[in-house]
Amino acid sequence: YFCRHGERWELQLKGSGKTPYSRNGDGRAVLRSSVREFLCSEAMHYLGIPTSRAASLVVSDDDVWRDRFYNGNIKKERGAVVLRVAKSWFRIGSLEILAHSGELDLERRLLDFIIQEHFPSIAMNDSKRYLEFFSTVVSETADLMALWMSVGFAHGVCNTDNFSLLSVTIDYGPFGFMDSYDPNFVPNTSDDEGRYKIGNQANVGLFNLSKLLQALKPLLDPRQKQLASQVLEGYGEHYYMRLTELFKRKLGLLGENEDDNYLIAFLLKVSLLC
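Every chain is numbered on its own, with residues counted from 1 as its sequence reads. For this predicted model, a pLDDT threshold of at least 70 governs which residues receive local features, and a threshold of 80 or more governs which side-chain atom pairs are given and counted, while totals over whole chains, interfaces and linings are taken from all residues. Side-chain measures here rest on the full set of heavy atoms in the structure, leaving out hydrogens and waters.

For the protein chain, the name recorded in an unreviewed UniProt entry is Selenoprotein O, with Atlantisia rogersi as its organism. UniProt positions are given in the numbering used here, feature names are shortened, and annotations may be inferred rather than shown by experiment. Entered under Sequence similarities (unreviewed entry) in the UniProt record, the comment concerning the protein chain runs "Belongs to the SELO family." Check the Cofactor (unreviewed entry) section of the UniProt entry for the protein chain; it says "Mg(2+)".

If you want it as structure tokens, here you go:
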């Protein structure tokens, strides 16, 4: 942990080599992607979007072999290591894998640790703490998806392993910003089906949250399961309201007007035609 102004930050190295989580990869990172992560995470921070940050970047003498465009043309590249910081690196996948393997006691212990460390508004002696945790993650994930869309940011690999339980932007792999409005914009050259296209990010967020709910269900009683499903159903409305609020701010629209949503949709359509 790194302490600053009373805050606790977790340090993580990207590109330092094999770890138990390298999934048969070499655990290395190339210089070009490391520079992009450093710059983009800092840009996102100053755009006011919750994100991990890059504390340092060190160029390595190791050669790294990569198929940059996934076309079979493997080339040698310069390696690098990025020191990243975040309040936490726990992801939806951190709970999903425990539930999938039936390690419910360990999942409960991990979840209690996460709540105690990072969700101070939730009382640890509250029998509904897991429901409150889920409700918070749903609303904050909707906020994050709206913020991404407000600046035209496409993550590129929005699976459950890349979605933070603290709803911050993590794991800058293939990402991109739209040069012009295009809901079919895909920054990941390996995403042939366009699953993670920018226009589908909100839906993928909902999908990932449904996986989180599935992982939490063994820890919830029947009534809590019902309430959690209702919370998830409210994700879309929360996202849309937050996105509308952000676009109205960009356009300088004050107050409430029933034509505001029409104007936003019209301007996006005009941008698409241009």
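Following the structure, the description resumes.
Asker: What should I look at first to understand the overall build of the protein chain in this one?
Answerer: Helix and strand counts for the protein chain stand at eight helices and seven strands. Our radius of gyration is a C-alpha quantity, and the globule rule it is checked against amounts to 2.2 Å times the number of residues to the power 0.38. A globule of 274 residues ought to have a C-alpha radius of gyration of about 19 Å, and the protein chain, at 20 Å, matches this closely. Taking the principal axes of the C-alpha coordinates as reference, the protein chain spans close to 55 × 55 × 40 Å. The long-range share in the protein chain, meaning contacts at least 24 apart out of those at least 6 apart in sequence, stands at 61%. A positive count includes Lys and Arg, and a negative count includes Asp and Glu. His and the chain ends are not counted in either. Charged groups are reduced to one reference atom each: NZ for lysine, CZ for arginine, CG for aspartic acid, CD for glutamic acid. Here the protein chain contributes 32 positively and 35 negatively charged side chains, and the mean placements of these two sets differ by 4 Å. We count a stretch as a helix when DSSP gives it H or I for four or more residues in a row; a strand needs E for two or more, and each element gets its number in order from the N terminus. The contact definition used throughout considers only heavy atoms, calling two residues in contact when any of these lie within 4.5 Å.

Asker: What exactly am I supposed to notice about the layout of surface pockets here?
Answerer: Rolled over the atoms, a probe with the dimensions of a water molecule shows which regions are left empty. Of the voids in this model, the largest pocket is the one considered here, and its volume is about 2000 Å³. K14, R23, R84, N162 and D171 are the residues nearest the centre of the largest pocket, which is lined by 49 residues in total. Mapped by element, the contributors of at least two residues to the lining of the largest pocket are β2 (7-14), β3 (29-30), α1 (31-46) and α2 (92-100). Note on residue categories: nonpolar means Ala, Val, Leu, Ile, Met, Phe, Trp, Tyr, Cys or Pro, charged means Asp, Glu, Lys or Arg, and polar means any other residue, Gly included. Of the residues belonging to the lining of the largest pocket, the class tally is 16 nonpolar, 19 polar and 14 charged. In terms of domain composition, the lining of the largest pocket takes at least three residues from each of domain 1 (10-86) and domain 2 (92-250). Within this scheme a cavity is a closed region of a 1 Å grid, computed over the protein atoms alone, that accommodates a 1.4 Å probe without allowing it to escape, whereas a pocket is open but has protein on both sides within 12 Å along at least five of seven lines; lining residues each have an atom within 4 Å of a point. Grid points are joined across faces, edges and corners, and a volume is the space filled by probe spheres set on the points. The source of the domain bounds is an automatic or database domain assignment.

Asker: Would you mind showing me how to read the packing of aromatic side chains here?
Answerer: Any Phe, Tyr or Trp ring, taking Trp's six-membered ring, that has another such ring centre within 6.5 Å forms a pair; planes under 30 degrees apart are called stacked, those over 60 apart edge-to-face, and the others tilted. If you walk through the whole model with that rule in mind, you get 10 aromatic pairs. Seen in terms of ring centroids, F153 and Y172 are 6.1 Å apart; in terms of plane orientation they differ by 65°. Their pairing is edge-to-face. Of the two residues, F153 sits in strand β6 (residues 153-154) while Y172 sits in the loop between β6 and β7 (176-177), which places them 19 residues apart along the sequence. There is no split in this pair, since F153 and Y172 are both buried. Through successive ring pairs, a cluster of aromatic residues spans W148, F153, F163, Y172, F175 and F177. Our definition puts a charge over a ring when NZ of Lys or CZ of Arg is within 6 Å of the ring centre and also within 35 degrees of the ring normal. The ring of F175 has R36 lying over it, and the distance from NZ or CZ to the ring centre is 4.1 Å. The positively charged end of K87 is found above the aromatic ring belonging to W9, 5.1 Å away from the centroid. Only protein chains enter the accessibility calculation, which uses a 1.4 Å probe; a residue whose area is less than 20% of its type maximum is buried, one above 50% is exposed, and one in between is partly exposed.

Asker: What is the right way to look at empty space enclosed by the protein in this model?
Answerer: Counted by the stated rule, this structure contains one cavity of 30 Å³ or more. Size it by volume and the largest cavity reaches roughly 40 Å³. In terms of lining residues, the largest cavity is bounded by T141, L144, W148, N162, F163, S164, S167, V168, T169 and I170. Split by residue class, the lining of the largest cavity holds five nonpolar, five polar and no charged.

Asker: How should I be thinking about helix α4 (residues 129-150) in this particular structure?
Answerer: Because each turn of an α-helix spans 3.6 residues, side chains separated by three or four positions end up pointing in the same direction. A helix is expected to span 1.5 Å for every residue after the first. Relative to the 32 Å expected for 22 residues at 1.5 Å per residue, α4 spans 32 Å between its end C-alpha atoms, a close match to the ideal helical length. Taken across its 22 residues, α4 has 16 buried, putting it largely inside the fold. Among the residues trailing α4, G152 stands out with phi positive, at a value near 70°.

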